[in-house]
Number of protein chains: 2
Amino acid sequence: MSVTINYNNMMQHVLGDKGIADSEIQSMEQFALKAFDTVEAGRGNDMQGWMDSPYDQDEVVKAIVKKAEEIRNYDAFVVLGIGGSALGPIAVFQALKHLYYNELPREKRNGPRFYVLDNVDPERMNALFDIIDVEKTIFNVITKSGATSETMSQYLIINDLLKKRLGDKANKHIIATTSSSKGSLIGLAKEQGYDTFFIPEGVGGRFSELCPVGLLPAAVVGIDIAKMLEGAKHMDQVCRNKNLYSNPALMSALLQYISMKKGKNITVMMPYADSLKYIADWYCQLWAESLGKAVDNDGNIVHAGQTPVKSLGVTDQHSQVQLYAEGPFDKVITFIEVQNFRSKCEIPGGLEQLPNVSFLSGNTLNDLMSKELYATRYALTKQKRSNYTIVLDKVDEFNLGALLYLFQMQTAYCGAMLNINTYDQPGVEEGKNATYALFGRKGYEEKARELREATPDSDKYII
Amino acid sequence: MSVTINYNNMMQHVLGDKGIADSEIQSMEQFALKAFDTVEAGRGNDMQGWMDSPYDQDEVVKAIVKKAEEIRNYDAFVVLGIGGSALGPIAVFQALKHLYYNELPREKRNGPRFYVLDNVDPERMNALFDIIDVEKTIFNVITKSGATSETMSQYLIINDLLKKRLGDKANKHIIATTSSSKGSLIGLAKEQGYDTFFIPEGVGGRFSELCPVGLLPAAVVGIDIAKMLEGAKHMDQVCRNKNLYSNPALMSALLQYISMKKGKNITVMMPYADSLKYIADWYCQLWAESLGKAVDNDGNIVHAGQTPVKSLGVTDQHSQVQLYAEGPFDKVITFIEVQNFRSKCEIPGGLEQLPNVSFLSGNTLNDLMSKELYATRYALTKQKRSNYTIVLDKVDEFNLGALLYLFQMQTAYCGAMLNINTYDQPGVEEGKNATYALFGRKGYEEKARELREATPDSDKYII
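Position numbers for residues count from 1 along each chain, tracking the sequence in the order it is written. For naming, the first written chain is A and the first written ligand is 1, with later ones following in the order written. The predicted origin of the model limits local features to residues at a pLDDT of at least 70 and limits the giving and counting of side-chain atom pairs to 80 or more, whereas totals for whole chains, interfaces and linings rest on all residues. Based on all heavy atoms of the structure, the side-chain values leave hydrogens and waters out of the count.

Caption draft 1: Focus on the overall build of chain A. Secondary structure elements are defined from DSSP: runs of H or I of at least 4 residues count as helices, runs of E of at least 2 residues count as strands, and each element is numbered from the N terminus. Helix and strand counts for chain A stand at 19 helices and 10 strands. Computation of the radius of gyration draws on C-alpha atoms, with the globule rule given as 2.2 Å multiplied by the number of residues to the power 0.38. Computed over its C-alpha atoms, the radius of gyration of chain A comes to 24 Å, within 12% of the 23 Å expected for a compact globule of 463 residues. With the C-alpha coordinates of chain A rotated into their principal frame, the extents come out at 65 × 60 × 55 Å. Partly exposed describes any residue whose relative accessible area lies between the buried limit of under 20% and the exposed limit of over 50%, with all areas from a 1.4 Å probe on protein chains only and scaled to the type maximum. Buried residues in chain A amount to 66% of all 463 residues. Should any heavy atoms of two residues lie within 4.5 Å, those residues are considered in contact. The contacts in chain A between residues at least 6 apart in sequence include a share of 75% that link residues at least 24 apart. Between the mean site of the 49 positive side-chain charges and the mean site of the 57 negative ones, chain A shows a separation of 1 Å. We treat Lys and Arg as the positive residues and Asp and Glu as the negative residues; His and chain ends play no part in the count. Where a charge sits is defined by one atom per residue type, namely NZ (Lys), CZ (Arg), CG (Asp) or CD (Glu).

Caption draft 2: Inspection of empty space enclosed by the protein at higher detail. Detection works on a 1 Å grid of protein atoms alone, calling trapped sets that fit a 1.4 Å probe cavities and calling open sets with protein on both sides within 12 Å along at least five of seven lines pockets, with lining residues defined by an atom within 4 Å of a point. Grid points are joined across faces, edges and corners, and a volume is the space filled by probe spheres set on the points. The final tally for this structure, using the stated rule, is seven cavities of 30 Å³ or more. The volume enclosed by the second largest cavity comes to roughly 70 Å³. Residue lining of the second largest cavity: Leu87, Asp281, Cys284, Pro308, Val309 and Lys310 of chain A together with Val309, Lys310, Asp316, Ser319 and Gln320 of chain B, and that is the complete set. For the lining of the second largest cavity, the elements supplying multiple residues, two or more each, are α13 (277-291) and β8 (307-310) of chain A together with β8 (307-310) of chain B. A per-element tally of the lining of the second largest cavity places β8 of chain A first, with three residues.

Caption draft 3: Structural context of the relation of the copies chain A and chain B. In this comparison the copies share one frame, found by least squares on the C-alpha atoms of residues holding pLDDT of at least 70 in both. Here chain A sits on chain B after a turn of 180° about the axis and a move of 0.0 Å along it, with an RMSD of 0.0 Å. As the rotation angle and translation indicate, the two copies are arranged about a two-fold axis. Scanning chain A for the C-alpha nearest the rotation axis identifies Val309 of chain A, at a separation of 3.0 Å.

Caption draft 4: Seen up close, the pairing of strand β7 (residues 266-271) of chain A. Residues and elements named next belong to chain A. Counting buried positions over the six residues of β7 gives six, a clear majority of the element. Residues of β7 alternate between two faces, with Ile266, Val268 and Met270 on one and Thr267, Met269 and Pro271 on the opposite face, all of them buried. Once you follow β7 into α13 and on to β8, the crossover reads as right-handed. Whether two strands pair comes down to DSSP finding at least two bridges between them. Pairing geometry for β7 and strand β9 (residues 331-340), over six bridges, is parallel. The partner of Val268 across the bridge, within β9, is Ile333. Look down the strands so they point away from you; if the path from the first strand over the helix to the second goes clockwise, the crossover is right-handed.

Caption draft 5: Spotlight on α13 of chain A. Taking 1.5 Å of rise per residue, 15 residues should cover 21 Å, and α13 of chain A covers 22 Å from first to last C-alpha, within 8% of that figure. By the criterion of burial, α13 of chain A is predominantly enclosed, with 14 of the 15 residues buried. Helix span, expected: 1.5 Å multiplied by one less than the number of residues in the helix.

Caption draft 6: Representation of the pairing of β9 of chain A within the structure. Residues and elements named next belong to chain A. Summarising burial for β9: eight of the 10 residues are buried, a large majority. Note that β9 and strand β10 (residues 387-394) share seven bridges and pair parallel. Looking across to β10, one finds that Val338 is bridged to Leu392.

Caption draft 7: Summary view of the environment of Asn73 of chain B. Looking at the element boundaries, Asn73 of chain B is found in the loop between α4 (58-71) and β2 (76-80). Considering only alpha carbons, one finds Asn73 of chain B and Met409 of chain B, 336 residues apart in sequence, at a separation of 37 Å.

Caption draft 8: Structural view of the sheet that holds β8 of chain A. Residues and elements named next belong to chain A. Sheet architecture is open: five strands sit in the order β1-β10-β9-β7-β8, paired in mixed fashion. With partners counted over all chains shown, the strands left at the sheet margins are β1 (3-6) and β8, one partner each. Strand-to-strand twist in this sheet, taken as the mean axis angle between neighbours without regard to direction, amounts to 20°. As defined by bridge partners, β7 adjoins β8 across four bridges and the pair is classed as parallel. Bridging across to β8, Val268 finds its partner in Val309. Lines fitted to C-alpha atoms define the axes, with helix axes restricted to the stretch in contact, and inter-axis angles between N-to-C directions lie between 0 and 180 degrees. The sheet contacts of helix α12 (residues 248-261) involve β1, β7, β9 and β10, and relative to β9 the element is tilted by about 150°. The strands that helix α17 (residues 397-418) touches are β1, β7, β9 and β10; relative to β10, the one it contacts most, it runs at about 155°.

Caption draft 9: Up close: the interface of chain A and chain B. Across the contact, 149 residues belong to chain A and 149 residues belong to chain B. Here the buried area means the combined drop in accessible surface, using a 1.4 Å probe, for two parts upon being joined, counting both sides. In total, chain A and chain B occlude about 13,200 Å² of area from one another, counting both sides; carbon and sulfur atoms represent 60% of this. Sorting the residues of chain A by area buried against chain B places Phe439, Tyr461 and Ile463 of chain A first, and these three jointly supply 7% of that buried surface. Criterion for a salt bridge: a side-chain nitrogen of Lys or Arg within 4 Å of a carboxyl oxygen of Asp or Glu. There are 12 salt bridges connecting chain A and chain B. Whenever a nitrogen or oxygen atom comes within 3.5 Å of another N or O atom, the pair is scored as a polar contact, on the condition that within protein one atom can donate a hydrogen and the other can accept it, and that pairs from neighbouring residues in sequence are kept only if both atoms are in side chains. Across the chain A-chain B interface, the total number found is 67 residue pairs in polar contact (both at pLDDT 80 or more). Take the side of chain A that touches chain B: its biggest share by element is 12 residues, from helix α16 (residues 365-382) of chain A. In this classification, the charged set is Asp, Glu, Lys and Arg, the nonpolar set is Ala, Val, Leu, Ile, Met, Phe, Trp, Tyr, Cys and Pro, and all remaining amino acids, among them Gly, are polar. Of the residues belonging to the side of chain A that touches chain B, the class tally is 69 nonpolar, 47 polar and 33 charged.

Caption draft 10: Structural context of the environment of Ala189 of chain B. Within the fold, Ala189 of chain B resides in helix α9 (residues 185-192). Every residue in contact with Ala189 of chain B, bar those within four places of it in the chain, is listed here: Ala176, Tyr194 and Thr196 of chain B.

Caption draft 11: Broad picture of the sheet that holds strand β2 (residues 76-80) of chain A. Residues and elements named next belong to chain A. Spatially, five strands are ordered β3-β2-β4-β5-β6 in an open sheet, and the strand pairing comes out parallel. On the outer flanks of this sheet lie β3 (113-117) and β6 (195-198), each paired with one strand and no other. When the angles between neighbouring strand axes are averaged without regard to direction, this sheet yields 20°. The sheet contacts of helix α4 (residues 58-71) involve β2, β4 (137-142), β5 (174-178) and β6, and relative to β6 the element is tilted by about 140°.

Caption draft 12: Highlighting the side chain of Ser319 of chain A. Examined against the element boundaries, Ser319 of chain A turns out to sit in the loop between β8 and α14 (321-326). Not counting residues up to four positions away in its chain, the partners in contact with Ser319 of chain A are Leu87, Cys284, Gln285, Ala288 and Glu289 of chain B.

Caption draft 13: Fine view of the state of the cysteines. Defined by distance alone, a disulfide is two cysteine sulfur atoms within 2.5 Å. Summed over the entire model, instances satisfying the criterion amount to zero disulfides over all chains. This cysteine, Cys284 of chain A, is not joined by any disulfide, and Cys284 of chain B carries the nearest cysteine sulfur, 11 Å off. Sulfur of Cys414 of chain B: no disulfide; nearest cysteine sulfur belongs to Cys239 of chain B and is 14 Å away.

Caption draft 14: Examining helix α8 (residues 149-166) of chain B more closely. All names here are of chain B. Taking 1.5 Å per residue, 18 residues should reach 26 Å; α8 reaches 25 Å between its end C-alpha atoms and fits that length. Regarding α8, the residues found buried are Ser149, Glu150, Thr151, Met152, Ser153, Gln154, Tyr155, Leu156, Ile157, Ile158, Asn159 and Leu162. Immediately downstream of α8, the backbone of Gly167 shows phi near 55°, a positive value.

Caption draft 15: Structural detail: the packing of aromatic side chains. Any pair of Phe, Tyr and Trp rings, taking the six-membered ring for Trp, is counted once the centres come within 6.5 Å. Such a pair is stacked with planes under 30 degrees apart, edge-to-face with planes over 60 apart, and tilted for the rest. Scanning the entire structure with this criterion turns up 36 aromatic pairs over all chains. Between the aromatic rings of Phe36 of chain B and Tyr413 of chain B, the centroid separation amounts to 6.1 Å while the plane-to-plane angle is 20°, which identifies the pairing as stacked. With Phe36 of chain B in helix α3 (residues 29-42) and Tyr413 of chain B in helix α17 (residues 397-418), this residue pair connects regions lying 377 residues apart in the sequence. Just as Phe36 of chain B is buried, Tyr413 of chain B falls in that class too. For the pair Phe77 of chain B and Phe114 of chain B, a centre-to-centre distance of 6.2 Å together with 10° between the ring planes defines the contact as stacked. In this pair, Phe77 of chain B is assigned in strand β2 and Phe114 of chain B in strand β3 (residues 113-117), connecting sequence segments 37 residues apart. These aromatic residues form a ring-pair network of at least three members: Trp50, Phe207, Tyr405 and Tyr423 of chain A. Distance and angle both matter: a charge sits over a ring if NZ of Lys or CZ of Arg is within 6 Å of the ring centre and within 35 degrees of the ring normal. One residue, Arg124 of chain B, lies across the ring of Tyr100 of chain A, its end atom 5.0 Å from the ring centre. For Lys371 of chain B, the ring lying beneath its charged end belongs to Phe439 of chain A, and the centroid distance is 5.2 Å.

The values reported here are purely geometric and, on their own, carry no functional implication.
Structure (structure tokens):
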């Protein structure tokens with residue numbers, strides 16, 4: 001296998017009383033297998049449509065690859081999306097393309113420059129217009145409901161600009177990725193004649209990277225999306241294994257569940273590779289939004305959830321590791337190790353007179369990354385800090401697909417263990433409704449009144 | 001004042017029993033003032049040299065501005081640094097320069113492209129060489145000790161390349177920012193004839209943004225560093241106020257301290273502005289490394305610390321806010337609000353047939369940012385989630401200097417309250433020593449033996 005997990009450093013034989021005992025795992029084996037059954041029973045149903053993603057997209061992939069070929073002639077490709085519609089495309093782009101892709105000359109890029117507008121900051125929007133020519137740009141509007149305020153605001157701005165500049169041909173510059181049947185965007189897309197890709201009903205935002213939401217942007221920059229799906233399929237096969245001890249997603253979900261119950265309310269995701277930096281961002285949404293729930297499936301108030309923290313090795317050894325080593329015993333650290341980088345960089349000599357530097361000469365940066373990961377993990381383990389490592393032999397399409405799917409399965413299992421709804425996000429409705437009310441949207445008069453009547457801030461608590 | 005804090009939503013009159021009572025603040029007033037006295041007593045001494053930064057740099061600023069003018073003719077400027085030497089320069093650059101600065105044409109940039117190499121990933125290093133010409137680039141090596149393995153590895157690679165390409169003129173492309181008296185780099189800099197700027201002895205990495213570490217990179221991209229220091233000076237004056245109720249750093253430190261004692265072991269930093277995104281990263285180092293300590297000043301084992309989480313509004317409303325609203329009551333959220341963005345973006349009409357979108361038309365993205373912040377804060381407060389807001393009237397040099405200094409003061413006060421050493425980082429030594437041992441560095445034979453004798457990973461816990 002190309003993606004493995006090593007959880008020695010979660011266990012009692014390494015961490016002593018800060019670790020998990022074999023007997024704890026054994027005593028929870030049936031509990032874990034029940035979660036496995038729950039997830040398998042839901043496969044493909046309701047919001048578990050993402051489990052079909054590795055299997056049912058042959059035709060979609062063909063259509064995407066064909067469209068992507070056309071788009072590759074443009075100067076820029078801009079994703080309009082937020083949340084899962086942005087984090088997945090960013091993570092995969094960063095993982096598999098040149099780390100300064102947009103700054104490469106066209107002939108080295110061999111594809112359009114790539115941007116994701118995932119905020120409604122006016123300065124960001126105006127800055128983007130300084131560096132792209134909308135007439136040479138394709139915009140991919142991604143929103144399942146067609147009612148995401150941020151994305152639709154961006155759409156309105158860009159559509160207006162395109163129409164002013166291109167008139168009737170504006171529609172050739174917009175691609176809609178949305179629900180095929182529900183919501184506002186599909187009707188609009190038909191009316192305007194946009195190219196369209198569909199988000200399956202059973203796929204929610206944070207589980208959508210392996211459907212057209214993520215596949216189109218990836219294909220546009222030249223990523224082999226069929227290989228990504230192969231990797232996901234491979235991981236799905238591994239995770240169909242109803243055996244706690246050979247199912248990496250199920251075991252890692254159980255380890256996190258046990259850790260949560262022991263008060264470890266923080267989970268750190270720490271890849272040791274610049275290319276995987278934004279995988280941590282993507283994971284943070286997946287884990288936070290899926291598991292952070294007030295009420296369980298039986299209606300009990302539980303306030304479940306574990307707060308994900310993104311970190312990057314070796315960089316954050318100089319920023320966060322002091323806290324991880326000496327602070328409270330409140331976290332689990334997941335390292336992601338890459339065994340083979342795609343290039344090598346040698347460290348030359350030249351400072352033989354300085355023994356605190358010269359020991360590095362003759363080695364490679366590759367060695368330095370790998371030894372620092374080993375050393376940091378050793379030091380944290382010595383301090384009895386729970387950690388496990390996901391090992392990739394290399395970063396490629398296959399392994400990335402497998403890794404994303406592994407995290408999705410882990411999240412699904414952990415949600416089942418917590419007996420919560422892994423797929424909804426009721427906690428953001430209140431904020432959305434308040435926003436609508438503040439804009440005076442019709443139907444939100446009651447909320448507007450509530451806001452007006454809220455206790456105003458007291459100057460006493462303003463400095 | 002241009003930077004204020006509003007902490008209504010930390011208090012009992014808003015949050016009920018999840019809030020802090022006036023009486024709790026009153027009962028801890030003397031405790032807070034003792035922390036104030038501790039910090040003032042240390043002003044300028046030992047590792048509190050950073051408190052002199054706003055006052056004693058007139059000459060340094062002149063020298064930096066002069067050197068920066070020369071550098072501005074080059075094509076690229078690359079910072080070699082990690083931790084504080086990287087996070088500060090990145091944060092200030094992002095806050096005050098165009099959001100796609102490096103992609104602007106030269107005439108719009110009016111300065112060199114700007115890069116920070118803060119990792120030793122070989123893919124990153126090689127990618128950088130694909131887009132810069134070292135002969136047209138200035139490299140700023142930042143390390144106080146001259147012994148930071150990551151930075152000195154980068155130095156060796158770049159120095160070797162420069163020497164091969166430029167021979168004796170290589171030294172004109174390297175600027176050293178380091179200790180004036182201690183460590184390896186100063187001797188090397190003199191020997192090689194590098195331009196040099198000094199890091200005062202009493203300024204540690206995470207408190208160094210307002211000394212030459214941060215000031216040179218900022219000046220190179222055209223930021224008014226004197227104004228930044230004016231802002232810092234202003235905030236220092238505000239914080240010299242020995243009055244808990246009018247000292248924003250002291251009050252916010254106390255609020256965090258009380259929250260920690262009540263089990264809130266997570267602090268979220270959530271600016272609502274793309275320009276301030278990396279201020280959160282910088283803050284995360286400051287807070288994590290300063291306060292995450294195993295032992296207090298009296299030798300008691302305390303495992304203090306609060307884990308900082310970086311977040312970005314409105315983006316992370318679609319990623320993290322579900323957890324913040326419904327998950328455990330384990331966090332304090334700090335919003336950063338910007339009242340006036342530096343540009344405006346109107347949302348046009350065009351979808352009058354869609355009421356769930358058309359209510360946005362006629363407003364601006366500026367409105368949307370500000371109303372979403374208001375609404376999210378309202379929703380979280382309604383869920384009894386502790387939060388406070390730092391309000392900037394705008395993002396400019398003065399306010400940014402004030403903001404950074406506010407955070408530094410807050411951290412200093414909170415460290416004093418926790419009775420820990422705010423300025424060391426003993427927890428990273430073990431990992432450094434293990435790295436040296438793995439490289440076979442002389443003097444680390446004992447550690448190498450320890451590593452060899454460590455229990456090997458059992459295959460039983462690898463899937």
